[in-house]
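# Examining the three-dimensional arrangement
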Amino acid sequence: MPHTNSHDHIDAMLHETRVIAPSEEFQARARVTREEYERRYRQSLEQPDQFWSEVAGELHWTKPWEQVLDWQEPHAQWFVGGQTNVAYNALDRNVQRGLGDKRAIVWEGEDGEVRTYTYAELLREVKRAANVLLALGVQPGDRVTLYMPLIPEAAVAMLACARIGAVHSVVFGGFSVSALSDRINDAQSKVLITADAGYRRGQPVPLKKNADVAAQNTPTLEKMLVVRRAGVEVAWEPERDVWWHEAIEAASDEHEAAPLDSEHPLFILYTSGSTGKPKGVQHTTGGYMVGTYLTTQTVFDLRDDDVYWCTADVGWITGHSYSVYGPLLNGATVVMYEGAPNQPDWGRFWSLIEKHRVTILYTAPTAIRAFMQHGDEIPGRYDLSSLRLLGSVGEPINPEAWMWYWRVIGGERCPVVDTWWQTETGSIMLTTLPGAFSSKPGSAGVPMYGVEPALMTREGEELGADDGGLLVIKRPWPSMLRTIYGDDERYRKSYWGEIKGVYFAGDGARRDADGYYTIVGRVDDVLNVSGHRLGTMEIESALVAHPSVSEAAVVGKPDPIKGESVVAFVLTQDGYTVDPTELRAHVSREIGALARPDSIIVSDALPKTRSGKIMRRFLRQIAAGKPIEGDTSTLEDPSVLERLAATPPA
Ligand code: PRX
């Protein structure tokens, strides 16, 4: 059985028997019926070339592909020989289809400011930004790092990169200076796009200031393009810094999208793995475009008049695939909200839905649990009747939170689609297409088109239904990552090499008699804190970089809101004392506030085997306040466990 950090939730999920069917009204209008799903799913596995050609054929290609898939395990090429442009498909194509006056982005700042871009306006803006990047010397294939608040310019910058064939690397605005400079250096970015500041809980977050410090350490960086968002004072290096609004104003709004090879890299997005260094997951043009296009329209049952809101920040894969690329490729109206869910109070999301008449909401369990904690009364004050579909992503959703979402937010009227996928998969892999399937609270559901999942042992033995096992995918799919930027060896080892011949996702799962998969959680040293992926070793490296710490071990502890919280066990360096407040601040500086340990346990030893391996299993039990279970005889000194359990966390 894979280890997991939230046994209580899992027990609840395994005993969950509720089945919630979509209403007849929803089913009658749904884009995909059960028969249609069965037929297309079968086709996607039996005649994949035909299936994917039909989907890709709905989009614009400047040169048709010669071959749908070239699979030289572990390297896939999709739509080989074809040329296209993702930004062209998201904008020019939609304007040509007559959607020029349709709203593409409806943005609301934390301070209540609202800005709207039609498809025609967004296209003009992206063309200008493309010309700005070209004028700064950005060439196809060059990397451009974005470190931005969730403002329309972030989407404009991403699409402008895509338009000229530059590879964007978005770094979440909550990451620290050193996390930013590491990512700029790993990608060898030439240009950084940032803002003077963004708003979070009413406070300006000093992005430019962080970027200035990061840039002291980034030899490849030539230019910094700065959006004025907050109007705060910033330092300025005239040789390097360029105001976005000045450059955009001066730029021509004529630009032809570059025809790019289907396998031309589209973006790099850093995510945590089980070793210390974050990995630059690389996605490419054609396959990613087709995958996000198809899943957005089917999973969200997208219709012309929908107002679609995915709450994810563009710093994460969900923000890439389902706030920007997928919905814009489909010509949808996308709502974007800059700030925190509780600013000015816990009614903010519901007020946004009421105000903008949002029809589809896609958010994370951690947010749902936080809302739930503040009661039914707050959402009850708002008119949520525009909603017709709800989605969940990023971590396992416990049935209680699922039911609350369905009942209180969806008024028992809106299907809830739980969607399982990863930074690496690029698009949704498991879900229940609304209208085609009933939902089972806590269970992600069945495979999307072209996805062939299975449960296996580490040795590659396939397991039957009801057996818990490792979740694997047995064949490549268009939007899968192509490599780890600059480290193909790590790509080979991590994904198609762990279990021979299949993609191993790092998650444990179960499957029931109806074929629904329930995700149990990560089976590697990766934590999921508030839906954010964090490597335990990444946090450990940050901790031991502090002079007062000689050794550290980090584990997750079940948390009712965040899913998991970070617990750090640290050993004190001789001659120092550990100051937990200072240590938390240090981790914030090294990685970002999202990685700050919730509890710190200062100790004189860690539970190690005679060969020196830390037994994290026991640390997880101690962190959760559970009795020690399992064989402790392999430990060099089992008495450490009692001492740790007796130490109050700070
Ligand atoms: O453990 C799974 C969990 O999030 C991991 C992927 O994290 P990331 O790459 O940051 O992407 C998150 C957004 C797609 C997975 O390995 N996860 C994601 N969605 C779900 C989930 N766990 C359970 N249910 C989900 N719906």
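Residues numbered from 1 in each chain as written. Predicted model: local features only at pLDDT ≥ 70, side-chain atom pairs only at ≥ 80, totals over all residues.

### As for the sheet that holds strand 8 (residues 191-195)
Spelled out, the test is: DSSP calls a pair of strands paired once it identifies at least 2 bridges connecting them. Helix and strand definitions here come from DSSP, where helices need a minimum of 4 consecutive H or I residues and strands a minimum of 2 consecutive E residues; each element is numbered from the N-terminal end.
Read across the sheet, 8 strands follow the order 12-11-8-6-7-14-15-25 without closing on themselves; strand pairing throughout is mixed. In this open sheet, the two strands that pair with only one neighbour each are strand 12 (241-243) and strand 25 (483-484). One ladder, built from 4 bridges, connects strand 6 (residues 143-147) with strand 7 (residues 167-170); its direction is parallel. Looking across to strand 7, one finds that Val-144 is bridged to His-168.

### Details of the sheet that holds strand 5 (residues 114-118)
Here is the rule we go by: Angular values range over 0 to 180 degrees, each being the angle between N-to-C directions of two axes fitted as lines to C-alpha atoms, with helices fitted over their stretch in contact.
Here 7 strands make up an open sheet; going across it, the order is 5-4-17-16-18-19-20 and the pairing mixed. Only two strands of the sheet have a single neighbouring strand rather than two, namely strand 5 and strand 20 (416-419). The average angle at which neighbouring strand axes cross in this sheet is 20°, direction not considered. Where strand 19 (residues 389-393) and strand 20 come together, 4 bridges link them in parallel fashion. Opposite Val-393, over in strand 20, you have Thr-419 as the bridge partner.

### Re the UniProt feature "modified residue: N6-acetyllysine" (unreviewed entry) in the protein chain
Definition in use: UniProt positions are given in the numbering used here, feature names are shortened, and annotations may be inferred rather than shown by experiment.
Under the present numbering, the feature "modified residue: N6-acetyllysine" (unreviewed entry) in UniProt falls on Lys-613. Here Lys-613 is to be found in the loop between strand 32 (599-603) and helix 21 (616-623).

### Section: the packing of helix 12 (residues 285-299) against helix 13 (residues 317-329)
Quick note on the threshold: Our angle categories are set so that under 35 degrees counts as roughly parallel, over 145 as roughly antiparallel, 65 to 115 as roughly perpendicular, and the remainder as oblique. Residue pairs are scored as contacts if the distance between their C-beta atoms, which are placed from the backbone, is within 7 Å. Three residue categories are used. Nonpolar comprises Ala, Val, Leu, Ile, Met, Phe, Trp, Tyr, Cys and Pro, charged comprises Asp, Glu, Lys and Arg, and polar comprises the others, including Gly.
Two numbers describe how helix 12 lies on helix 13: the axes approach to 8 Å, and their chain directions differ by 85°. It follows from the interaxial angle that helix 12 and helix 13 lie roughly perpendicular. Along the contact surface, helix 12 presents Met-289, Thr-292, Tyr-293, Thr-295 and Thr-296, while helix 13 presents Ser-321, Tyr-322, Tyr-325, Gly-326, Pro-327 and Leu-329. In terms of residue class, the contact of helix 12 with helix 13 is made up of 6 nonpolar, 5 polar and no charged.

### Here we look at the UniProt feature "binding site: CoA" (unreviewed entry) in the protein chain
If you check UniProt for "binding site: CoA" (unreviewed entry), the listed places come out as Arg-200, Arg-201, Gly-202, Gln-203, Thr-318, Asn-342 and Ser-530 in our numbering. Their sequence span is 331 residues, while the largest C-alpha to C-alpha distance among them is 24.7 Å; these annotated residues do not converge on one region. Those residues in contact with Arg-201 that lie beyond four places of it in its chain are Ala-340 and Gln-343. Looking at the element boundaries, Gly-202 is found in the loop between strand 9 (198-200) and strand 10 (203-205).

### Some thoughts on the site of the ligand
Heads up, the condition is: In this analysis, residues qualify as near a molecule or strand once their C-beta atom, positioned from backbone atoms, comes within 6 Å of it.
Among the 21 residues in the neighbourhood of the ligand, the closest are listed as Trp-420, Gln-422, Thr-423, Ile-519 and Arg-533. Secondary-structure elements contributing two or more residues to the shell around the ligand are helix 13, strand 20, strand 26 (503-511) and strand 27 (517-522). For the shell around the ligand, the element with the most residues is strand 26, which contributes 3 residues. A breakdown of the residues in the shell around the ligand according to their chemical character gives 8 nonpolar, 8 polar and 5 charged.

### Let's talk about the nonpolar core
The test is simple: Definition of nonpolar core: a set of buried Ala, Val, Leu, Ile, Met, Phe, Trp, Tyr and Cys residues joined via C-beta atoms within 7 Å. Once C-beta atoms are placed from the backbone, each residue is buried if 20 or more other C-beta atoms lie within 10 Å of its own, exposed if 12 or fewer, and partly exposed for counts between those two. Note that domain bounds follow an automatic or database assignment of domains.
Residues Leu-133 and Met-158 are the most contacted members of the largest nonpolar core, which totals 202 residues. At 10 residues, the largest contribution of residues to this core is made by helix 8 (residues 152-164). If you count residues domain by domain, this core takes at least three from each of domain 1 (26-509) and domain 2 (530-646). Apart from the residues lying within four places of it in its own chain, the contact partners of Leu-133 are Val-138, Val-144, Ala-160, Cys-161, Ile-164, Ala-166 and Val-191.

### Looking at the domain arrangement of the protein chain
Looking at the assigned domains, one finds that the protein chain contains domain 1 (26-509) and domain 2 (530-646). Each of domain 1 and domain 2 has a C-alpha centre, and these two points are 32 Å apart. Looking at the side of domain 1 that touches domain 2, the elements with two or more residues in it are helix 9 (177-187) and helix 15 (365-373). Top contributing element to the side of domain 1 that touches domain 2 by residue count: helix 15, with 5 residues. Per-class residue counts for the side of domain 1 that touches domain 2 are 6 nonpolar, 12 polar and 2 charged.

### So, unusual backbone geometry
Pro-74 follows Glu-73 through a cis peptide bond whose omega is 5°. A cis geometry characterises the amide bond from Gln-343 onward to Pro-344, with omega recorded as 0°. Note on placement: Pro-344 falls in the loop between strand 17 (333-337) and helix 14 (348-356). One non-glycine residue with positive phi stands out, namely Phe-79, at about 55°. As for its placement among the helices and strands, Phe-79 is situated in strand 2 (residues 75-80). Even without a glycine there, the phi angle at Arg-357 is positive, about 50°. Mapped onto the fold, Arg-357 is located in the loop between helix 14 and strand 18 (360-363).

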